[in-house]
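Chains, contacts and geometry: an overview
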Amino acid sequence: MCSMLRTPLPADRNRDGSLDLEAVLDAARGQIRKLHDWRLGLPPEVPYTEPHNTWPLTFVEQWSLAELTAELSTSCYAGTLMLQAMGLGGWMFNGLDPFSVLGASGTPEVPGRGFRYDTRDGWLYPNPTGLLGIMEGYCPPHHRDKLHLICSSRAGNLRGINSPRGSCSMVITTTRRTLPMLVLMALLFALPPKASAGDDLARAVLTELNAARANPKAYAEHLRVYRSQFSGKYHIPPGTKIRYITKEGPKAVDEAVCFLERQRPLSTLGWAEGLAHVAAELVRDQAKTGAIGHGSGRMEMRARAERVGRWQSTIGENISYGPDDARRVAMQLIVDDGMPDRGHRKNIFTPDFRVAGIACGPHPVFETSCVIDFAGWFSER
């Protein structure tokens, strides 16, 4: 069995409008991926085949069935070929249990095509989600969350504060006339979703960030433990069978460990209640709207800060969507998976940042959000 990848096939026409058939066929052949070298091997019995295949039919019944279904089968086959020519993939079969074909029969002796699937109490059928590296569904664990799906499907430069879902970082300094804004996203080191956030989490996040700043080498041990839980680019939390895909895999964690090993200790961040109010305003707003990013207009970071007080030297903001565990929030931002500039990490280890305020709360899409605002200094009005 082969699968067509979804990449559109090139079919450039010649100047006279004609197509080079061989070139089109070569392009199509290049999009074919063999799944396995072995036969499907489904037992010729229920539930692996449909029950009607075991019913005895008379010659007339068999002939009538063949005639009545021939046109429909031909149409379906033609449609499948058309989808493949468009680079959209496509396959067709009948008479076999589709879940058994995909590998969701629940019987180890009948692996089918080996697709990954989920089951749950109350579900009538298993839910195949994809085949690693071949056909991966837009859902966990192939995509950890909506952030990762957006990151995978929306390539290109992101400007200003309108960043896709996920962790966002922003830095504004007073050293230039034009205030630069750096917006970056980090994949979430997700835990099973829980609904806990608030003051305790905010204070715990600051404790984690200060632990990393004060003793980076010691904090690297937490990342080494996290690193040991990887299989390829998948993170598999202890005690679970859930796999969370990352963009860089353990490579990003290794790079973060090396960074922490070289990073000199910094002074800890003081708690700035005014900055916590600045962060809390965004948390409350996004809890109602489900929005993401650093806000715009009145909700833009600097506008929020200047309504509350005055900041000095430099100001910055990180936002985490998803994790409700302080260490996961800190590790997510330090590793900064998939972000070449490691903007979240830079914010955490910026020596000019001396104070921070944090607010965490519920988010209608990602369960929990934590907004971390940094500054050289901050005084409330």
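In this text, all values refer to a predicted model and were calculated from it rather than measured experimentally. Residue positions within a chain follow its written sequence, with the count starting from 1. With pLDDT at 70 or above as the cut-off, local features in this predicted model cover only qualifying residues; side-chain atom pairs require 80 or more to be listed or tallied, and sums for whole chains, interfaces and linings still use all residues. Side-chain numbers come from the whole structure's heavy atoms, not from hydrogens or water.

**Let's talk about the overall build of the protein chain**
Applicable threshold: Only DSSP runs of H or I with at least four residues qualify as helices, and only runs of E with at least two residues qualify as strands; both kinds are numbered from the N terminus onward. For each residue, the accessible area found with a 1.4 Å probe, counting protein chains only, is set against the maximum for its type, and the residue is called buried under 20%, exposed over 50%, and partly exposed in between. Contacts were defined at the residue level, with two residues in contact if any of their heavy atoms lie within 4.5 Å. The Shrake-Rupley method, run with a 1.4 Å probe, gives the accessible areas here. Residue values count only the displayed protein chains as cover.
Assigned secondary structure in the protein chain consists of eleven helices and 13 strands. Across the 381 residues of the protein chain, 43% fall into the buried class. Of the contacts made within the protein chain by residues no fewer than 6 positions apart, 68% connect residues no fewer than 24 positions apart. A total of about 20800 Å² of accessible surface is found on the protein chain, and carbon and sulfur atoms cover 55% of it.

**Structural notes on the nonpolar core**
Let me state the cut-off plainly: The term nonpolar core refers to a set of buried residues drawn from Ala, Val, Leu, Ile, Met, Phe, Trp, Tyr and Cys, joined through side-chain atoms within 4.5 Å.
Counting residues in hydrophobic clusters, the biggest one holds 35 residues, and the most contacted among them are Leu223 and Ile334. Every element with two or more residues in this core is listed here: helix 5 (199–214), helix 6 (216–227), helix 7 (250–262), helix 10 (326–335), strand 12 (355–363) and strand 13 (367–380). Judged by nonpolar contacts, the second largest core, of eleven residues, contains Ala272, Val278, Ala305 and Val355.

**Examining unusual backbone geometry**
Positive phi outside glycine occurs at Asp336, with the angle close to 55°. Along the chain, the position of Asp336 falls in the loop between helix 10 and helix 11 (343–348). For Glu367, which is not a glycine, the phi torsion comes out positive at approximately 70°. Here Glu367 lies in strand 13.

**Some words on the packing of aromatic side chains**
Defined as follows: Working definition: a ring pair exists when centres of Phe, Tyr or Trp rings (six-membered ring for Trp) sit within 6.5 Å. Plane angles under 30 degrees give stacked, over 60 give edge-to-face, the rest tilted.
Evaluated as defined, the whole model comprises four aromatic pairs. The interplanar angle of 45° and the centroid separation of 5.8 Å between the aromatic rings of Tyr321 and Phe366 together place this pair among those described as tilted. Here the residue Tyr321 occupies a position in strand 11 (residues 309–321), and Phe366 occupies one in the loop between strand 12 and strand 13, the gap between them amounting to 45 residues. Relative accessible area serves as the criterion here: at 0%, Tyr321 is assigned to the buried category. Exposure remark for Phe366: the relative accessible area of 7% places this residue in the buried category.

**A short note on the environment of Ala356**
Note that Ala356 resides in strand 12. The exposure class of Ala356 is buried, given its relative accessible area of 0%. Sequence separation between Ala356 and Gly274 is 82 residues; the distance between their C-alpha atoms is 9.1 Å. Here Ala356 is in contact with Leu206, Leu269, Gly270, Trp271, Ala272, Leu275, Asp373 and Phe374, once residues within four sequence places are set aside.

**A word on the sheet that holds strand 7 (residues 230–231)**
Our working rule: Pairs of strands are assigned from DSSP output, requiring at least two bridges between the strands.
Strand order in the open sheet formed by three strands is 7-8-9, and the pairing between neighbours is antiparallel. Edge positions in the open sheet fall to strand 7 and strand 9 (244–245), since each of these has one partner strand only. Here two bridges tie strand 7 to strand 8 (residues 234–235), and the two strands are oriented antiparallel to one another. Looking at the pairing, Ser231 lines up with Tyr234 of strand 8.

**Observations regarding a nonpolar patch on the surface**
Operational definition: Two distance rules govern patches: like charges are joined within 9 Å, and nonpolar side chains (Val, Leu, Ile, Met, Phe, Trp, Tyr) within 5 Å, applied only to residues with over 30% relative accessible area and no salt bridge. Each salt bridge in this description consists of a side-chain nitrogen of Lys or Arg and a carboxyl oxygen of Asp or Glu lying within 4 Å of one another.
Taken together, the side chains of Phe59, Val60 and Trp63 make up a nonpolar region of the molecular surface, amounting to roughly 400 Å² of accessible area. Checked against the element boundaries, Phe59 lands in helix 2 (residues 59–85).

**Quick notes on the pairing of strand 11**
By the criterion of burial, strand 11 is predominantly enclosed, with ten of the 13 residues buried. Bridge count between strand 11 and strand 13: eleven bridges; the pairing is antiparallel. Residue Asn318 lies in a different strand from strand 13, and its bridge partner there is Ile372.

**Structural notes on helix 7**
Selection criterion: How far a helix is expected to stretch is found by multiplying one less than its residue total by 1.5 Å.
Between its terminal C-alpha atoms helix 7 stretches 19 Å, which fits the 18 Å expected from 13 residues at 1.5 Å a residue. Inspection of helix 7 places Pro250, Ala252, Val253, Ala256, Val257, Phe259 and Leu260 among the buried residues, and these make up the whole buried set. The elements touched by buried residues of helix 7 are helix 6, strand 7, helix 10 and helix 11.

**Comments concerning the packing of helix 5 against helix 10**
Inclusion rule: Note on method: axes are straight lines fitted to C-alpha atoms, helices fitted across the in-contact stretch only, with angles between N-to-C directions ranging 0 to 180 degrees. Roughly parallel refers to an angle under 35 degrees, roughly antiparallel to one over 145, roughly perpendicular to one between 65 and 115, and oblique to any angle outside these ranges. Left-handed is the label given to a crossing in which the near helix is rotated counterclockwise from the far helix by less than a right angle, and right-handed is the label when the rotation is clockwise. Lys, Arg, Asp and Glu make up the charged group, whereas Ala, Val, Leu, Ile, Met, Phe, Trp, Tyr, Cys and Pro make up the nonpolar group; the residues left over, Gly among them, are polar.
For the pair helix 5 and helix 10, the least separation of the axes is 8 Å and the interaxial angle reads 50°. It follows from the interaxial angle that helix 5 and helix 10 lie oblique. Note on packing geometry: the crossing formed by helix 5 with helix 10 is right-handed. Counting all contacts with helix 5, which are made through Leu201, Ala204, Val205, Glu208, Leu209 and Ala212, the residues of helix 10 involved are Ala326, Arg327, Val329, Ala330 and Ile334. Residues of the contact of helix 5 with helix 10, tallied by class, amount to nine nonpolar, no polar and two charged.

**Observations regarding the pattern of salt bridges**
Throughout the structure, instances matching the rule amount to twelve salt bridges. Between Asp118 and Arg116 there is a salt bridge whose closest N-O contact spans 2.5 Å. Assessed through its relative accessible area of 23%, Asp118 is described here as partly exposed. In this structure, Glu255 and Arg342 form a salt bridge, with 3.3 Å as the shortest nitrogen-oxygen distance. Taken as a pair, Glu255 in helix 7 and Arg342 in the loop between helix 10 and helix 11 lie far apart in primary sequence, 87 residues in all. What makes Glu255 partly exposed here is its relative accessible area of 29%. Via salt bridges that share partners, Glu248, Glu255, Arg342 and Arg345 belong to a single interconnected network.

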